[in-house]
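# Residue-level structural notes
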Amino acid sequence: MKLKDVKKSPDEIRALVKKYMVETYERYDFICERAEGMYLYDEKGNGYLDFYGGIAVNSTGSRNPKVVAAAKEQLDDVIHTFNYPYTIPQALLAEKICTTLGFDKIFYQNSGTEANEAMIKMARKYGIENFGPDHYHIISAKDSFHGRSFGSLSATGQPTTACHIGFGPMLPGFTYAEFNNLEAFKAAVTKDTVAIMLEPIQGEGGVNSATPEFLQGIRKLCDEKNLLLLLDEIQTGWCRTGKVMAYEHYGIRPDILSMAKALGGGFPISAICTNDKVAKAFSMGSHGTTYGGNAVACAAALAQVNVMLDDNLAAHAAEVGAYFMEKLKTLPHVKEIRGKGLLVGVVFDGPIGLDVKHGCFDRKLLVTLIGKSTIRMVPPLIATKADCDKAYEILLESVKAVK
Ligand SMILES: Cc1ncc(COP(=O)(O)O)c(C=O)c1O
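As a starting point, this report considers the structure included with it. These figures come from a predicted structure and were not determined experimentally.

## With respect to the pattern of salt bridges
Per the counting criterion, the structure on display carries 20 salt bridges. A salt bridge links Asp-11 to Arg-14; the nearest nitrogen and oxygen atoms lie 3.1 Å apart. Taken together, the residues span about one helical turn, with Asp-11 and Arg-14 both in helix H2 (residues 10-20) at a distance of three residues. Residue class for Arg-14 comes out partly exposed when judged on its relative accessible area of 25%. Measuring nitrogen to oxygen at the nearest pair gives 3.7 Å for the salt bridge that ties Glu-183 to Lys-186.

Here's what the structure looks like:
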């Protein structure tokens, strides 16, 4: 929709949002009328360089032509059926993902948090059915982020921040141990533990990468204690970190993997993948979803996955990300550059993050803020070195302008 078609001014649109919507977001103050590739455009045609990528979603660029074409074609055939009939996009996408990643089975959902709900439910049922009624406990990491619905929120190891506070008790069966502290995880395992749940790189938690010793040690611990390793690759998955999945950096594999964000190229779709043995925990009627596996979302996702793999966006993200991170080290006030590939965190030596973010916005670069001093960037994976140079120059001006 365009403002001229609905005959409204930007201020009228802002006023409608303020009047009618429950707002939980700090908005970038512009009206996005159009998006393409690396840019979002306002109604005057001003372009904003997109280094947040819809939060790690628009990995092949906004409105990638192949994704758009696949979705349009599917719109003319079938939009929605629920999961009673077979649909072609569901089947082809399942084959593509399972064969690419080497898993036996996939289950579709719509969002990251729902994928994690499915992962948690599958692990708990697997534990209870195989080991007894109390065998459903999951250990996750402090500072993790797994989503906003109750299972995922309970797995989210941020009990003292906005995530948990005000929502009453979390679900039973979750404990948190310090990220990158193998001994803490070992100590947290009890006879009732069924799984360990982790992000290979904590995105929302401040772009904290797991060390190889930690993640490999966790895999070994899971094998020794007969625990499932649940990896949440909702943010890190699908080429973002320089590998198709971030776990490949560590030479390990999870027992259940969750994915979302980049998978759909902007369409709401998520999934979990696992092996035949664990998948048996879900049987006829034990889990379900109205929209999960929607035909249009699956058709778009299949095109998106094909572009990401065929264009080798993992290798591109590795190369461009390494170049960008090296350059970012030379910004003033930088304490640390974190991340892998094009999941990048710039940690400043003081609480200047909000001013930097606003300065970037004024100069038409879109980035996100974590806490008070970390700027996180998750641009489309088609970002070039020239895009990174431009983002760097704007960051530099913005940091210099902070009073
Ligand atoms: C690692 C991780 N898990 C889960 C989620 C939740 O995904 P969604 O917002 O699609 O529910 C996010 C979202 O940022 C995430 O980064």
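## Structural notes on the environment of Ser-59
Turning to its location among the elements, Ser-59 is positioned in the loop between helix H3 (53-56) and helix H4 (65-75). For Ser-59, a relative accessible area of 1% gives the class buried. Each residue touching Ser-59, except ones within four places of it in the same chain, is listed here: Arg-240, Ala-262, Gln-304, Met-308, Leu-313, Pro-380, Leu-381 and Ile-382.

## Here's the deal with the sheet that holds strand S12 (residues 270-274)
As a general point, the strands of a sheet are linked pairwise by backbone hydrogen bonds and lie either parallel or antiparallel. Strand order in the open sheet formed by seven strands is S4-S12-S11-S10-S7-S5-S6, and the pairing between neighbours is mixed. Here the strands that pair on one side only, and so sit at the sheet edges, are strand S4 (105-109) and strand S6 (174-177). Between one strand and the next, the sheet's axes are offset by a mean angle of 20 degrees, whatever the strand orientation. Here strand S10 (residues 228-232) runs beside strand S11 (residues 256-259); their pairing, made up of three bridges, is parallel. Counted as the bridge partner of Asp-232 is Ser-258 from S11.

The rules behind these values
Residues numbered from 1 in each chain as written. Predicted model: local features only at pLDDT ≥ 70, side-chain atom pairs only at ≥ 80, totals over all residues. Heavy atoms only, no water. Salt bridge = Lys/Arg side-chain N within 4 Å of Asp/Glu carboxyl O. Helix = DSSP H or I, 4+ residues; strand = E, 2+ residues; numbered from the N terminus. Buried < 20%, exposed > 50% of the residue type's maximum accessible area, 1.4 Å probe, protein only. Contact = heavy atoms within 4.5 Å. Pairing = 2+ DSSP bridges. Axes fitted to C-alpha atoms, helices over the stretch in contact; angles between N-to-C directions.

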